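Next come the chains, spelled out residue by residue.
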Amino acid sequence: MSSEAAEDFSTMLLSMLKGSGITLSIFILTLVFAIPFAFVVATGRMSKNKIISSITNVFLLIIRGTPLMLQLLIVYFVPKLIAVKYFDTTILFPSFAASIVAFSINYAAYFAEIYRGGIESIPKGQYEASRVLGYSRAQTFFRIILPQVVKRIIPAMGNEVITLVKDTSLVTILSVQELMFYAKSSSNRLVSFTPLLIAGIFYFVMNYVVSVSFRRMEKKLSFYS
């Protein structure tokens, strides 16, 4: 390998490492916002109030029934279009922030259905037994129900989180300079498929870490089986 080729390869790796940092930031921030928001959505979905449950159902149908890429474009462009039309100005909504908002809403919808399935899978007899033992609703949920729900939803959550890692590549449409952005740029500049293969290795490593982490969590909670 010539010195020029070695320098190009080194530059490519450094840029992709930088992009991986942005990818991880999107991944982590999405989980930070989506996980608690999903609990709110799941609560609304299971609400006995028909208005709340109906609104939540419509929200879930829209978010789960439309492509994430479309949601990214809507979150990024619609505020600007509204601002231009009604305020004769533009709202400075960075593409990175738009990505976090769109991803958080999208994944909260999927997480919420996983939560709901986990909660509703717990036999009602456990709630009744807790009431007999003198537990309050909060104590019943956090001490008895929640640990079992977490154990049951880990496999499904693991699948969604793995998908999230791969979906972060979609933010390239908003020119967010994450891993795939740099991989495509390097591929075009070097006229080579190698950067894309290396990006695939980066994604594989990240998903391997996620898979191992979820397997360990599932093993630690195995006593709830």
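Keep in mind that this is a model prediction, so the values were computed, not measured. (Residues numbered from 1 in each chain as written. Predicted model: local features only at pLDDT ≥ 70, side-chain atom pairs only at ≥ 80, totals over all residues. Heavy atoms only, no water.)

(A) The packing of helix α2 (residues 50-65) against helix α4 (residues 95-120), seen in detail. Look at α2 against α4: their axes get within 9 Å of each other, and the N-to-C directions meet at 115°. Note that α2 runs across α4; the crossing there is left-handed. Across from F59, L60, I63 and R64 in α2, the residues of α4 making contact are I105, N106, A109, Y110 and E113. (Axes fitted to C-alpha atoms, helices over the stretch in contact; angles between N-to-C directions. Helix = DSSP H or I, 4+ residues; strand = E, 2+ residues; numbered from the N terminus. Left-handed = near helix turned anticlockwise from the far one by under 90°. Contact = heavy atoms within 4.5 Å.)

(B) Local environment of the packing of aromatic side chains. Counted according to the given criterion, the structure contains seven aromatic pairs. Ring geometry for F37 and F59: centres 6.2 Å apart, planes at 70°, overall edge-to-face. Remark: F59 occurs in helix α2 and F37 occurs in helix α1 (residues 3-45); sequence separation between them is 22 residues. Given the relative accessible area of 33%, F37 is considered partly exposed. (Phe/Tyr/Trp six-rings, centres within 6.5 Å; stacked < 30°, edge-to-face > 60°. Buried < 20%, exposed > 50% of the residue type's maximum accessible area, 1.4 Å probe, protein only.)

(C) Representation of a positive patch on the surface. The grouping of K48, K124, R131 and R137 at the surface amounts to a positive patch. For K48, the location among the structural elements is in the loop between α1 and α2. A residue is classified by how much of its surface remains accessible, and K48, at 85% relative accessible area, is exposed. (Patch = residues over 30% accessible without salt bridge, like charges linked within 9 Å, V, L, I, M, F, W, Y side chains within 5 Å. Areas by Shrake-Rupley, 256 points an atom, 1.4 Å probe, with all protein chains shown as cover. Salt bridge = Lys/Arg side-chain N within 4 Å of Asp/Glu carboxyl O. Lys, Arg positive; Asp, Glu negative; His and termini not counted. Charge placed at Lys NZ, Arg CZ, Asp CG, Glu CD.)

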